[in-house]
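# Secondary and tertiary structure notes
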Amino acid sequence: MSHDGCRFKMAADNLPSEFDVVILGTGLTESVIAAACSRVGQRVLHLDRRNYYAGNWASFTFNGLLSWIDEYKTQQEVLNPELEQGWRDKIEEGEDVLCLSSVESSISNLEVFSYASEEPEEEEVVKVAAVNSLPKDSDAQAKEPRGSTTEDQDTVCRDDSTPGDDEPQHQEPEYKLTSDTQEPHQSEEYEKEQEPISNQVESPIEMKRKITYAKLVKEGRRFNIDLVSKLLYSRGLLVDLLIKSNVSRYAEFKNVSRIVTCRTSKVEQVPCSRADVFGSKQLTMVEKRMLMKFLTFCLDFEQHPEEFQEFSEKSFWEYLRSKNLTENLQHFVFHSIAMVNQETLTEEGLKATQHFLQCLGRYGNTPFLFPLYGLGEIPQCFCRMCAVFGGIYCLRHSVQCLVVDKESGKCKAVIDTHGQRISCSHFVVEDGYIREEQRTRAVNRHISRAVVITDRSVLPSESDQQISLVTVPPLEPSSPAVRMVELSSSSMTCMPGTYLVHLTCSSSGSAREDLAPVISRLFHVPSCPGEEPAQGSEEIEKPTALWVMYFNMRDTSSLDSSCYSLPSNVHVCTGPDASLGHDYSIKLAESVFHQLLPDEEFCPPAPNPEDIIYDGNGAQVEGPGFDEAGLAEGVGTEGNSGLQQNNQPAEGMEPAESSGSVAQGTTSELEVPTKE
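Residues numbered from 1 in each chain as written. Predicted model: local features only at pLDDT ≥ 70, side-chain atom pairs only at ≥ 80, totals over all residues. Heavy atoms only, no water.

In the annotation of an unreviewed UniProt entry, the protein chain is listed under the name RAE1/2 domain-containing protein and assigned to Pygocentrus nattereri. Annotation of the protein chain in UniProt includes, under Sequence similarities (unreviewed entry), the sentence "Belongs to the Rab GDI family." According to its UniProt record, the protein chain has this under Subcellular location (unreviewed entry): "Cytoplasm, Cytosol". (UniProt positions renumbered as here; feature names shortened; annotations may be inferred.)

And the structure:
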């Protein structure tokens, strides 16, 4: 996201000297707070020391991720005496100083492994050309990569009548927070198109496994790789906030099409909706009735306390076993519907199951949505809203220290990395900027993450454009349960012919120790780059891991204001938590906002551009963020009208226009920062 869409720009050393709120860090929580404050008229300065938005919530292109890895490995704390002298000159009598950290310390144990063939990219092109020489299938193969480009995606989003050569892959991404009804139709159409040459389809699938590392780098801009792996519950706090604030106009979403579980080394789809249950071939008729009866009870379990009262102090797992459910059903409910652990109490497990069921059917056949181009889009959407209402943004720009009034003990100003003193009433900061000596409690919890690029799905189906949530129970009693999200190219997060797989769990060791056994069980991991599994072995049935990254991310979600030794008007936003949804971050953002402005509404609906009444003479022209926006269907279940949609795709990590650049959006102009 750059700020070329904003008319007001100023040099970093010409920033105003006073703001109501200064926010450091552009993660989801900080961005929501910035949008909420700006929306109610507060003067907001939003800074980030990085050259990209979203912090630990960011999405990167493959090449951008490689640059991020290099930066992580080479970073170190730099003490600059000249900078220190610069801010010391601005400290007055009766003031004290609190210095902030200049090093990213929330990421650890970063390891990268490339298993893709190291053959020159030209060789791989020749092989694909040979496949594309098939008389009719060549069209289908040529269409898919071409349809994923930025220009064609724009075209599809703006014109529903785009000719059929892009239909199989790209009508689905037009999904705008309404029921995803196109997928079955497209799947049937795709099958019909392929039917006459069904005996030739095998060859291109096999050739897709010949993806070289050079190819990944060359097609790197087609990837959008998230540092955090989460999904949006269709009735979760984030979706409600996106609709209420009208921020959803800046993003597009796709329904997660299936939930899959791994059980005794077998990968199978989980029946979760009524249609899934009765259409399942995995369950007997008796099991189907038992499951429907139990799920119906969970929907209004509060009305029948006698059913679970005696288990109120016992685990949900014990409660399930007491219900005489088969092992199959216990596994599905516990690991893939409630998604809880062995310590979860019965009532909490029932609430988790109820929430899952309540989210079914709002937008599709599963409870979950995923934003096209990756989760990094969501913080940027709220940054756009903040800029629209006057917020000033500056990347590659940080705060060196806080100026604290000794008498009141409150932060009265900050001194930025350009040596400018900026007064503020409140200071909001991401946890990663806090020094260890400013914490009163150590952080011992971490999240283990792995990112895998593979050549095919863990559960192949008729459609190769599935987005799947995969639950993996603990492989050993002491190991954690693993959550896996598998994204196809229809999510605009990977190149056609590959899948992007995110694995997440609470850490018990390093990310590699926690997740490598799961990856080895589900994927073929070559012993050397380009190695193929032996014919006839079990490995040949598995997708091949082409590239793997492991890292741990610090989980500070258990910390509150009492865990920091900071002034009372300094508010710390803890980082992403280990849960699947976003409720924790949205609750935190609302809590901090009400501490800042207790009498204001949190993120009230933003006006539509056509509803703005402008002062002055002459017609006003809408900014580029809106004149290409389309209206989505209304969301009848919540009484909301059409959701505006920004169809301009993201490109992962894009540098700011210049070091210390600043952009400001104003209400009258309705111009927002957009991606190039």
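### Quick look at the overall build of the protein chain
The helix and strand tally for the protein chain stands at 19 helices and 25 strands. When burial is assessed residue by residue, the protein chain has 58% of its 676 residues classed as buried. Sequence separation of at least 24 residues holds for 77% of the intrachain contacts in the protein chain that already meet a minimum separation of 6. Summed over all atoms, the accessible surface of the protein chain reaches about 27,800 Å², with 48% contributed by carbon and sulfur. (Helix = DSSP H or I, 4+ residues; strand = E, 2+ residues; numbered from the N terminus. Buried < 20%, exposed > 50% of the residue type's maximum accessible area, 1.4 Å probe, protein only. Contact = heavy atoms within 4.5 Å. Areas by Shrake-Rupley, 256 points an atom, 1.4 Å probe, with all protein chains shown as cover.)

### Section: the pattern of salt bridges
Side chains that differ in charge, positive against negative, can pair when their charged atoms come close. One pass over the full model with this rule turns up 25 salt bridges. For arginine 49, the salt bridge is made with glutamate 104, and the minimal N-O distance between the two is 3.7 Å. Here glutamate 104 lies in the loop between β5 (95–99) and β6 (107–114) and arginine 49 lies in the loop between β3 (44–48) and β4 (59–60), a separation of 55 residues in the sequence. A residue is classified by how much of its surface remains accessible, and arginine 49, at 19% relative accessible area, is buried. Given the relative accessible area of 15%, glutamate 104 is considered buried. Residue arginine 445 pairs with aspartate 555 through a salt bridge whose shortest N-O separation is 3.7 Å. Placement of arginine 445 in the loop between β16 (421–430) and β17 (446–454) and of aspartate 555 in the loop between β21 (545–554) and β22 (570–573) is noted, with a sequence separation of 110 residues between them. Using a relative accessible area of 42% as the deciding quantity, one classes arginine 445 as partly exposed. Given the relative accessible area of 6%, aspartate 555 is considered buried. (Salt bridge = Lys/Arg side-chain N within 4 Å of Asp/Glu carboxyl O.)

### Observations regarding the side chain of aspartate 226
The residue aspartate 226 is located in strand β7 (residues 225–226) in this model. A polar side-chain atom of aspartate 226 sits 2.3 Å from a polar atom in the side chain of serine 59. Residues contacting aspartate 226, with those up to four places away along its chain left out, are Ala58, Ser59, Phe370, Gly374, Leu375, Gly376, Arg449, Val451 and His502. (Polar contact = N/O pair within 3.5 Å; in protein donor to acceptor, adjacent residues only side chain to side chain.)

### A short note on the sheet that holds strand β8 (residues 232–233)
Pairing is antiparallel in the open sheet, where 3 strands are placed in the order β8-β12-β9. Looking along the sheet, the strands with just one partner apiece sit at the ends: β8 and β9 (253–255). Relative to strand β12 (residues 368–371), β9 runs antiparallel, the two being bridged by 3 bridges. Its bridge partner being in β12, phenylalanine 253 is matched across the sheet by proline 371. (Pairing = 2+ DSSP bridges.)

### What about the packing of helix α13 (residues 285–299) against helix α16 (residues 346–359)?
Axis angle and axis distance: for two packed helices, these are the angle between their axes and the distance between the axes, and together they describe the pair. Direction vectors running N to C along α13 and α16 enclose 95 degrees, while the axes themselves pass 8 Å from each other. Viewed along their axes, α13 and α16 adopt a mutual orientation that is roughly perpendicular. Packed against α13, whose contacting residues are Phe294, Leu295, Phe297, Cys298 and Leu299, the element α16 presents Leu350, Thr353, Gln354, Leu357 and Gln358 at the interface. Its residues assigned to classes, the contact of α13 with α16 comprises 7 nonpolar, 3 polar and no charged. (Axes fitted to C-alpha atoms, helices over the stretch in contact; angles between N-to-C directions. Parallel < 35°, antiparallel > 145°, perpendicular 65-115°, else oblique. Nonpolar A, V, L, I, M, F, W, Y, C, P; charged D, E, K, R; others polar.)

### Some remarks on the sheet that holds β21
Pairing is mixed across the open sheet formed by 8 strands, whose spatial order is β6-β21-β17-β20-β19-β18-β10-β11. The sheet is open, and its two edges are formed by β6 and β11 (266–269), each paired on a single side. Recorded for the sheet is a direction-independent mean angle of 20 degrees between the axes of neighbouring strands. Where β6 and β21 come together, 6 bridges link them in antiparallel fashion. Each residue of the ladder has a partner; that of phenylalanine 113, found in β21, is valine 548.

### A closer look at the pairing of strand β14 (residues 399–405)
Residues in a regular strand point their side chains to alternate faces of the sheet. In terms of burial, β14 is largely enclosed, as 7 of its 7 residues are buried. As paired elements, β5 and β14 share 5 bridges and run antiparallel to each other. When the sheet's bridge partners are listed, glutamate 95 is paired in β14 with aspartate 405. In this structure, β14 lies alongside strand β15 (residues 411–416), joined through 5 bridges in antiparallel fashion.

### With respect to the environment of proline 526
Tracing the backbone through its elements, the reader meets proline 526 in the loop between α18 (511–522) and β21. Proline 526 sits in the buried class, given a relative accessible area of 3%. Considered as a pair, proline 526 and leucine 546 are 20 residues apart in the sequence and their alpha carbons are 8.5 Å apart. Apart from residues no more than four positions distant in its own chain, proline 526 is found in contact with Tyr115, Glu531, Thr544 and Ala545.

### Some details on the packing of aromatic side chains
For the structure shown, the criterion picks out 20 aromatic pairs. Between phenylalanine 60 and tryptophan 68 the ring centres are 5.8 Å apart and the planes differ by 35 degrees, which places this aromatic pair in the tilted class. Look at tryptophan 68 and you get buried, because its relative accessible area is 7%. The cationic tip of arginine 49 hangs over the ring face of tyrosine 433; the distance from NZ or CZ to the ring centre is 3.9 Å. (Phe/Tyr/Trp six-rings, centres within 6.5 Å; stacked < 30°, edge-to-face > 60°. Lys NZ or Arg CZ within 6 Å of the ring centre and 35° of its normal.)

### Notes on the side chain of serine 457
The residue serine 457 is located in the loop between β17 and β18 (468–472) in this model. A polar atom in the side chain of serine 457 sits 3.0 Å from the side chain of arginine 258. A polar contact is formed between the side chain of serine 457 and the backbone nitrogen of leucine 459, at a distance of 3.1 Å. Setting aside chain neighbours within four positions, we find serine 457 in contact with Arg258, Glu486, Tyr499 and Pro543.

### A few points about the state of the cysteines
Tallied over the full model, the rule gives 0 disulfides. Here cysteine 401 is not cross-linked by a disulfide; its sulfur's nearest cysteine counterpart is in cysteine 99, at 5.3 Å. (Disulfide = S-S within 2.5 Å.)

### Observations regarding the layout of surface pockets
What the largest pocket holds in volume is close to 1,300 Å³. Lining the largest pocket we find 40 residues, and of these Ala338, Met339, Val340, Asn341 and Ser579 sit closest to its centre. Those elements that provide at least two residues to the lining of the largest pocket are α15 (327–338), α16, β18, β19 (482–487), β20 (499–506) and α19 (583–596). Ranked by the residues each element gives to the lining of the largest pocket, the list is headed by α16, at 5 residues. Two domains each donate at least three residues to the lining of the largest pocket, and these are domain 1 (15–104 + 373–443 + 558–596) and domain 2 (273–359). (1 Å grid on protein atoms, 1.4 Å probe; cavity = no way out; pocket = protein on both sides within 12 Å on 5 of 7 lines; lining within 4 Å. Points joined across faces, edges and corners; volume = space filled by probe spheres on them. Domains from an automatic or database assignment.)

### With respect to the confidence of the model for the protein chain
Taken as a whole, the protein chain shows an average pLDDT of 80; of its residues, 73% reach a score of 70 or greater. In the model, residues 1–10 has pLDDT below 50 throughout and makes 44 contacts with residues more than four positions away in sequence or in other chains. For the stretch residues 123–175, pLDDT sits under 50, and the model shows 99 contacts to residues farther than four places along the chain or on other chains. (pLDDT = per-residue confidence, 0-100.)

### Quick word on the nonpolar core
In terms of nonpolar packing, the biggest core is built from 115 residues, with Trp68, Leu216, Phe294 and Phe382 touching the most fellow members. No other element matches helix α17 (residues 377–388), which puts 8 residues into this core. Looking at which domains feed residues into this core, each of domain 1 (15–104 + 373–443 + 558–596) and domain 2 (273–359) supplies at least three. Once residues lying within four places of it in the same chain are set aside, the contact partners of phenylalanine 382 are Leu28, Ser31, Val32, Ala35, Leu238, Leu241, Leu242, Ser245, Val247 and Tyr393. (Core = buried A, V, L, I, M, F, W, Y, C linked by side-chain atoms within 4.5 Å.)

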